[in-house]
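Breakdown of the fold
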Amino acid sequence: MALPGHVRIVEVGPRDGLQNESAMVATAAKIELVDRLSATGLQTVEATSFVSPKWVPQLADAAEVFAGIHRRDGVAYPVLVPNLQGYERARAVGAEEVAVFTAASEAFNRRNTNAGIDESLERFAPVLERAQADGVKVRGYVSTVLGCPYQGEVPLADVVRVARALHAMGCYEVSLGDTIGVGTPAKARAMLRAVAADVPMPALAIHFHDTYGQALANVLACLDDGVTVVDAAVSGTGGCPYAKGASGNLATEDLVYMLHGLGVATGVDLDALVDTGAWLSGILGRDTGSRVTRARAG
Ligand code: HMG
Ligand code: MG
């Protein structure tokens with residue numbers, strides 16, 4: 001099988017992981033989480049989310065978190081923004097990279113952002129414009145690429161259309177999200193291939209939730225097709241509060257273990273990552289969602 005020499009991991013635990021936690025996590029713990037993660041060698045750590053605090057109360061302290069983290073040289077700290085208001089809040093505390101998000105399914109996008117897909121793309125236009133003028137990088141997410149909790153099947157053509165639109169607007173990278181983790185390897189690969197016919201592979205990332213235990217297998221299938229950027233969340237945290245049935249992301253520890261076992265470099269210190277995952281599960285008061293961290297704890 002064809003494997004890349006290096007994979008860049010986009011750690012989404014402080015955002016995707018924490019947004020799904022109902023019990024409030026202290027601001028200081030969120031800051032410590034980001035700082036611990038950036039110390040492991042991860043190049044990209046999505047730090048928080050400037051969405052409406054009414055929609056995601058857990059991340060209402062986004063400005064305090066972002067202002068409190070230690071920004072290491074060479075590490076990117078994207079933050080999620082749903083609109084210009086979020087962009088302005090992020091910029092006020094010095095964010096240099098943001099991520100916008102929409103979906104391939106109309107029904108999910110309405111529940112998640114109170115807007116249709118095209119309406120959300122229209123909302124991003126001024127964000128992209130401002131970002132370009134400010135020299136801010138913009139990442140784009142497409143959710144529900146392999147299934148929707150409300151609509152069911154999602155046509156590939158819809159995934160391709162939305163990914164192409166985000167890339168054409170100026171997103172340097174488009175992350176393809178299996179929000180509810182229903183995909184299997186051949187489907188994941190076919191989806192990636194279809195998008196890569198329109199958006200260059202180096203501008204694509206994959207984002208698998210592990211609801212049905214398929215995330216690592218999906219990643220492996222997609223690596224063989226040439227993708228080199230993979231999203232994951234430490235300790236397997238994560239999920240979207242507006243996606244019924246969604247559970248954790250692929251655990252970063254498990255991804256790193258597999259990649260290193262395959263001889264694919266990540267630049268990440270697995271021991272430090274496992275320590276961080278174990279520490280986080282202590283903070284959240286429950287077992288880790290990472291098989292590797294569980295194995296190492298014994
Ligand atoms: P809305 O209620 O339609 O917004 O929400 P609005 O523009 O009508 O404003 C309503 C109120 O919200 C106003 O306040 C605004 O000021 C405020 P009021 O006047 O009532 O006091 N507001 C904001 N406040 C702070 N920051 C902002 C902001 N925007 C408006 N940025 C909106 C529309 C998009 C804002 C809302 O639906 C929202 O925030 N949704 C986010 C939901 C979310 O975070 N979901 C999880 C992230 S996506 C995900 O997890 C998937 C992903 O991981 C990939 C995958 O797995 O597939 C990325
Ligand atoms: Mg997600």
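Rules used throughout
- All residue numbers refer to positions counted from 1 along the written sequence of the respective chain.
- Naming scheme: in the order in which they are written, chains are lettered from A and ligands are numbered from 1.
- Only residues with pLDDT of at least 70 are given local features in this predicted model, and only at 80 or more are side-chain atom pairs given and counted; all residues enter the totals for whole chains, interfaces and linings.
- Water and hydrogen atoms were dropped before computing side-chain values, which therefore reflect all heavy atoms in the structure.
- As a rule, N, O and S atoms within 2.8 Å of a metal are its donors, except that Na, K and Ca use 3.2 Å; water is not among the atoms, so sites may look incomplete.
- Think of it this way: any DSSP run of H or I at least four residues long counts as a helix, any run of E at least two long counts as a strand, and we number them from the N terminus.
- Only protein chains enter the calculation, and the probe is 1.4 Å; a residue is then buried if its accessible area is under 20% of its type maximum, exposed if over 50%, and partly exposed in between.
- Nearness here has a simple test: a residue counts as near a molecule or strand if at least one of its heavy atoms is within 4 Å of that partner.
- Side-chain atoms alone can form a polar contact between residues adjacent in sequence; in general such a contact is a pair of N or O atoms within 3.5 Å, and within protein one must be able to donate a hydrogen while the other accepts it.
- Under the convention used here, a 1.4 Å probe and the Shrake-Rupley method define accessible areas, while residue burial counts only the protein chains that appear.
- Grid points spaced at 1 Å over the protein atoms alone were grouped into cavities, where a 1.4 Å probe fits but cannot get out, and pockets, open sets with protein on both sides within 12 Å along at least five of seven lines, with lining residues defined by an atom within 4 Å of a point.
- Cavities and pockets are treated as containing a molecule whenever more than half of the molecule's atoms lie within 2 Å of their grid points.
- Grid points are joined across faces, edges and corners, and a volume is the space filled by probe spheres set on the points.
- Three classes are used: nonpolar for Ala, Val, Leu, Ile, Met, Phe, Trp, Tyr, Cys and Pro, charged for Asp, Glu, Lys and Arg, and polar for all others, with Gly counted as polar.
- Between any two strands, at least two bridges found by DSSP are needed for them to pair.
- Working definition of a nonpolar core: buried Ala, Val, Leu, Ile, Met, Phe, Trp, Tyr and Cys residues. They are joined through side-chain atoms within 4.5 Å.
- Residue contacts follow a heavy-atom distance rule, with two residues in contact if any of their heavy atoms lie within 4.5 Å.
- Here, a salt bridge means any side-chain nitrogen of Lys or Arg that lies within 4 Å of a carboxyl oxygen of Asp or Glu.
- Expected span of a helix, by definition, is 1.5 Å for each gap between consecutive residues, and there is one gap fewer than residues.

1. Concerning the coordination of the magnesium ion (ligand 2)
- Within the protein, Asp16 (OD), His207 (NE2) and His209 (NE2) serve as the donor atoms for the magnesium ion (ligand 2), at 2.0 to 2.3 Å.
- Along the chain, the residues donating to the magnesium ion (ligand 2) fall in the pattern D-x190-H-x1-H. One end of the pair, aspartate 16, is in helix α1 (residues 13-19); the other, histidine 207, is in strand β8 (residues 204-208), with 191 residues separating them in the sequence. Here aspartate 16 and histidine 207 have matching classes, each one buried.

2. Details of the site of ligand 1
- The immediate surroundings of ligand 1 are formed by 28 residues, with Gln19, Lys54, Asn114, Ser143 and Thr179 found nearest.
- A distance of 3.0 Å separates an oxygen atom of ligand 1 from a polar side-chain atom of arginine 15.
- In this structure, tryptophan 55 approaches ligand 1 through a side-chain N or O atom, which is 3.3 Å from an oxygen atom.
- Protein chains shield 76% of the accessible area of ligand 1, which is 1,100 Å² for the free molecule.
- Among the detected pockets, ligand 1 sits in the largest pocket.
- Listing elements by their share of the shell around ligand 1, those giving two or more residues are α1, α4 (84-92), α5 (106-113) and β6 (137-143).

3. Looking at the layout of surface pockets
- Each pocket or cavity is described by its volume, and for the largest pocket that value is around 550 Å³.
- Every residue lining the largest pocket is counted, 32 residues in all, and those nearest its centre are Val51, Pro82, Phe101, Asn112 and Thr113.
- Counting only elements with at least two residues in the lining of the largest pocket, the list comes to α1, α4, α5 and β6.
- Per-class residue counts for the lining of the largest pocket are 14 nonpolar, 14 polar and four charged.

4. Side note on the pairing of strand β1 (residues 8-11)
- Neither face of β1 is exposed, since Arg8 and Val10 on one face and Ile9 and Glu11 on the opposite face are all buried.
- Pairing analysis gives four bridges linking β1 to strand β9 (residues 229-232), with the strands arranged parallel. Within β9, the residue paired with glutamate 11 across the bridge is alanine 232.
- In this structure, β1 lies alongside strand β2 (residues 44-45), joined through two bridges in parallel fashion. The residue bridging valine 10 from the neighbouring strand is threonine 44, located in β2.

5. Comments concerning the nonpolar core
- In this structure, Val79, Val142, Leu166, Leu176, Val195 and Val219 are the most contacted members of the largest nonpolar core, which totals 98 residues.
- Setting aside residues up to four positions removed in sequence, valine 79 forms contacts with Ala47, Thr48, Phe50, Phe66, Ala90, Ala95, Glu97, Val98 and Ala99.

6. Details of the pattern of salt bridges
- Applying the stated criterion across every chain, the model contains 17 salt bridges.
- Here arginine 8 makes a salt bridge to glutamate 173, at a shortest N to O gap of 2.3 Å. Of this pair, arginine 8 sits in strand β1 while glutamate 173 sits in strand β7 (residues 173-178), and the two are 165 residues apart along the sequence.
- A relative accessible area of 17% means that arginine 8 is categorised as buried.
- Linking aspartate 225 and arginine 189 is a salt bridge whose minimum nitrogen-to-oxygen distance equals 2.7 Å. Taken together, the residues aspartate 225 in the loop between α9 (215-223) and β9 and arginine 189 in helix α8 (residues 185-196) connect sequence positions 36 residues apart.
- Among the residues examined, aspartate 225 registers a relative accessible area of 17% and is labelled buried.
- By sharing partners, the salt bridges in this structure join Arg8, Arg139, Glu173 and Asp231 into a single network.

7. Brief notes about helix α11 (residues 270-284)
- Between the first and last C-alpha of α11 there are 21 Å, a value that for 15 residues agrees with the 21 Å anticipated at 1.5 Å per step.
- Of the positions making up α11, those classed as buried are Leu270, Leu273, Val274, Thr276, Gly277, Trp279, Leu280, Ser281 and Leu284.
- Those residues of α11 hidden inside the fold are in contact with α1, α2 (27-38), α10 (252-261) and α12 (291-297).
- Between the side-chain oxygen at the start of α11 and the backbone nitrogen of aspartate 271 there is a gap of 3.0 Å, and the oxygen is on aspartate 269.
- After α11 finishes, the residue glycine 285 shows a positive phi value of roughly 70°.

8. A word on the sheet that holds β7
- Taken in spatial order, the nine strands line up as β2-β1-β9-β8-β7-β6-β5-β4-β3 in an open sheet, and their pairing is parallel. In the strand order of this sheet, the two ends are held by β2 and β3 (48-49), each with one partner.
- Note that β7 and β8 share five bridges and pair parallel. When the sheet's bridge partners are listed, serine 175 is paired in β8 with alanine 205.

9. Some thoughts on the side chain of threonine 179
- One can find threonine 179 in the loop between β7 and α8.
- Here threonine 179 falls in the buried class, since its relative accessible area comes to 6%.
- Side-chain polar atoms of threonine 179 contact the backbone nitrogen of threonine 144, separated by 2.7 Å.
- Residues within four places of threonine 179 in sequence aside, it is in contact with Phe108, Ser143, Thr144, His209, Cys240, Ala243 and Ala246.

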